[in-house]
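Breakdown of the fold
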Amino acid sequence: MMTSDTNFIEFALGIKDSNLIFRGYFYKFIRLIKYRVYEFTLIYPDNVCPECHQRQLVKFGFSEVNTKFTADDASHPVILRIHKQRVRCKNCQHTQLAQSPIVQKYCHIANKVRNKVIMSLQDDRTLDCIANDNNISPSTVNRYLDQSRAIAPLIKQELPINMALDEFRGVNRQLHFICIDNDGNHKIQAILPDRYKRTIENYFLSFPLQERARVKTISMDLNSYYQEIARRLFPNAQIIIDRFHVVAMLTRAFNQYRAQVMKRFEKTSRNYRLLKFSWRLYLVSEEKLSNVNEYYDRHIRQRVTSNERVDLGLQVDERLMADYNVMQSIMTNLSHRDMDGLTDALYPSEQISPQMTIVIKTLRQNLEYVLNASQFKYSNGAMEGINRMIKQIQRTAFGFRNFDHMVYRIYYRQMAQKKNQVA
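These remarks concern the structure in this document. (Residues numbered from 1 in each chain as written. Predicted model: local features only at pLDDT ≥ 70, side-chain atom pairs only at ≥ 80, totals over all residues. Heavy atoms only, no water.)

Right, let's get into the overall build of the protein chain. A count of helical and extended segments in the protein chain gives 17 helices and 12 strands. By the compact-globule yardstick of 22 Å for 423 residues, the protein chain is too spread out, its C-alpha radius of gyration being 32 Å. Taken along the three principal axes of its C-alpha coordinates, the protein chain extends 100 × 55 × 35 Å. In the protein chain, which comprises 423 residues, the proportion classed as buried is 48%. Total accessible area on the protein chain is roughly 23200 Å²; 50% of this is exposed by carbon and sulfur atoms. Within the protein chain, the 42 negative side-chain charges are centred at a point lying 8 Å from the centre of the 61 positive side-chain charges. (Helix = DSSP H or I, 4+ residues; strand = E, 2+ residues; numbered from the N terminus. Rg over C-alpha atoms; globule rule 2.2 N^0.38 Å. Buried < 20%, exposed > 50% of the residue type's maximum accessible area, 1.4 Å probe, protein only. Areas by Shrake-Rupley, 256 points an atom, 1.4 Å probe, with all protein chains shown as cover. Lys, Arg positive; Asp, Glu negative; His and termini not counted. Charge placed at Lys NZ, Arg CZ, Asp CG, Glu CD.)

Rendered as structure tokens:
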């Protein structure tokens, strides 16, 4: 019968194997590191030979095995010194060594360490940091990562009804294609090693036509061959140009022309200061600008409201004012889901800048898909969040040389985020 000390230690270590008999504990220095060593005896649980099934097993000595175990303090790692009982069959002479569920056969690292490493891979940490915390080598962590293929299955049975497509820069600065479920869970559908048209088509053609016909909406940026793939492979899908990309194109064109106008004036002039400073106010929706709350603008030495500050800057150039009106009209109609107003805004009557003209021409060429952006609720917002997460993973890891390792870390990280959202 086990003593109270034995019960306490096995409870603290989380050991539930009744065949392990606690013998004692002590400290030992191994390579200048102070280890806590717990000593156990593992007895063979049965008297039946696994080869001939005869009950003629006899004791045949012990084999000492040191197993790395989890520790609450990384500065004092834990080792389980297990004396495994060896038995021999008198009938067939077969020998057998006792095994425990706390560690796999032929392995010197406990299953709890393996599970802790897998849980740590969900965090934004380097492999070296995970290895140091668990007293194992980084190559062992990499080996566990290589065994994570089940978390990112290459073949899936179905496609999401609403998808979002994009790309991100990954291994060796190469662009990789990514596809996600654009509904509530935003799970990653696939990450491909490149974004070539043939690679993307081959992936989606692995699904039958009946499955591809279930897809209702596909959200994307203005990448032309994404649209071509969507039209050809998804017969019932509505293509949606992401609203963020539309607004980004408009604000980028406006800022380019604003900087061009600003450089016409001396740096000490009032017109230069009007366009140089508080430039973020020009990009804010005019519905959010105030006509009441005044503040002192030290750059123009005047008390103004945010609306008056924008008007003063726009009066410097007529085309700049026309660009602002077009940009605000498109942004307002997009947010209000006004398809008729959005169509009218894409055909301005005022003389606009060459930069804004290019943007308007591009949006007209994709008019149907831009109008879908005002009609449907879907966008690439979740995709941009996932791309931001991927950038952080790569920054923490100082980049990846192995595509599979990068994909597994992305899936693990998303798994942790979904877990936190549920909690």
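Relative to each other, helix α11 (residues 306–314) and helix α12 (residues 318–335) sit at 135°, their axes nearing to 8 Å. On the basis of the axis angle, α11 is oblique to α12. Contacts from V310, G313 and L314 of α11 reach α12 at L320, M321 and Y324. Residues belonging to the contact of α11 with α12 are distributed by class as follows: 5 nonpolar, 1 polar and no charged. (Axes fitted to C-alpha atoms, helices over the stretch in contact; angles between N-to-C directions. Parallel < 35°, antiparallel > 145°, perpendicular 65-115°, else oblique. Contact = heavy atoms within 4.5 Å. Nonpolar A, V, L, I, M, F, W, Y, C, P; charged D, E, K, R; others polar.)

As a further point, take the nonpolar core. Core analysis: the biggest nonpolar cluster contains 58 residues, and F204, I218, F234, L250 and I330 have the highest contact counts within it. Sequence-distant contacts of I218, that is, excluding residues within four places in its chain, are made with M163, L165, A230, F234, A237, Q238, I239 and I240. Of all hydrophobic cores here, the second largest spans 57 residues; its members include L121, V171, I180 and Y408. (Core = buried A, V, L, I, M, F, W, Y, C linked by side-chain atoms within 4.5 Å.)

A complete count under the given rule lists 1 cavity of 30 Å³ or more for this structure. Looking at the largest cavity, its volume works out to about 60 Å³. Considering the residues around the largest cavity, the lining is formed by F69, T70, A71, A74, P77, V78, V113, K116, N132, D133, N134 and N135. Contributing elements (two or more residues each) for the lining of the largest cavity: α2 (111–120) and α3 (127–133). Residue classes in the lining of the largest cavity are distributed as 6 nonpolar, 4 polar and 2 charged. (1 Å grid on protein atoms, 1.4 Å probe; cavity = no way out; pocket = protein on both sides within 12 Å on 5 of 7 lines; lining within 4 Å. Points joined across faces, edges and corners; volume = space filled by probe spheres on them.)

Moving on to the sheet that holds strand β7 (residues 175–181). As summarised here, the arrangement of the 5 strands in space is β8-β7-β6-β9-β10, forming an open sheet in which the pairing is mixed. Each edge of the open sheet carries a strand with a single partner, namely β8 (188–191) and β10 (238–241). Neighbour-to-neighbour, the strand axes of the sheet open up by a mean angle of 25°, direction not taken into account. Sheet contacts for helix α5 (residues 197–205): β6 (162–169), β7 and β8; angle to β7, the most-contacted strand, approximately 30°. (Pairing = 2+ DSSP bridges.)

Oppositely charged side chains can pair when the atoms bearing their charge come close. Applying the stated criterion to the full structure yields 9 salt bridges. A salt bridge links R195 to E167; the nearest nitrogen and oxygen atoms lie 3.9 Å apart. With R195 in the loop between β8 and α5 and E167 in strand β6, this pair connects stretches of sequence that are 28 residues apart. Its relative accessible area of 27% is what places R195 among the partly exposed residues. Looking at E167, the relative accessible area reads 16%, which means it is buried. Of the charged contacts in the structure, one is a salt bridge between R309 and D297, with a shortest N-O distance of 2.7 Å. One end of the pair, R309, is in helix α11; the other, D297, is in strand β11 (residues 294–297), with 12 residues separating them in the sequence. (Salt bridge = Lys/Arg side-chain N within 4 Å of Asp/Glu carboxyl O.)

Turning next to α5. Structurally, the α-helix is built with 3.6 residues per turn, so residues lying three or four positions apart point the same way. Among the residues of α5, those classed as buried are I200, E201, Y203 and F204. Taken end-on, α5 shows its buried residues confined to a sector of 160°, consistent with a single buried face. Against the buried residues of α5 lie β6, β7, β8, α6 (209–212) and α7 (224–233). (Arc of directions from axis to C-beta.)

A few words now on the packing of α5 against α7. For the pair α5 and α7, the least separation of the axes is 11 Å and the interaxial angle reads 25°. When the axes of α5 and α7 are compared, the pair comes out roughly parallel. The handedness of the crossing between α5 and α7 is right-handed. Residues K197, I200, E201, F204 and L205 of α5 touch α7, and the partners they reach there are Y225, Y226, E228, I229, R232 and L233. For the contact of α5 with α7, the class distribution of residues is 7 nonpolar, no polar and 4 charged. (Left-handed = near helix turned anticlockwise from the far one by under 90°.)

Within the structure shown, the criterion is met by 11 aromatic pairs. Look at F204 and F234: their rings are 5.1 Å apart centre to centre, the planes differ by 80°, and that puts the pair in the edge-to-face class. Here F204 is found in helix α5, whereas its partner F234 is found in the loop between α7 and β10, with 30 residues between them in sequence. On the basis of relative accessible area, F204 is assigned to the buried category, the value being 1%. Judged by relative accessible area, F234 falls into the buried class, the value being 2%. Each ring, one from F254 and one from Y324, has its centre 6.1 Å from the other, and the planes form 55°; the classification is tilted. Here F254 is found in helix α8 (residues 243–262), whereas its partner Y324 is found in helix α12, with 70 residues between them in sequence. Both residues of the pair, F254 and Y324, count as buried. The ring of Y27 carries the charged tip of K34 above its face, separated from the ring centre by 4.5 Å. (Phe/Tyr/Trp six-rings, centres within 6.5 Å; stacked < 30°, edge-to-face > 60°. Lys NZ or Arg CZ within 6 Å of the ring centre and 35° of its normal.)

Position of L165 among the secondary structure elements: in strand β6. Measuring from C-alpha to C-alpha, the distance between L165 and Y35 comes to 51 Å, with 130 residues separating the pair along the chain. Non-local contacts of L165, meaning those with residues more than four positions away in its chain, are made with F177, I178, C179, F204, I218, S219, M220, Y226, N380 and M383.

Treat this as a map of the structure, not an account of what it does.
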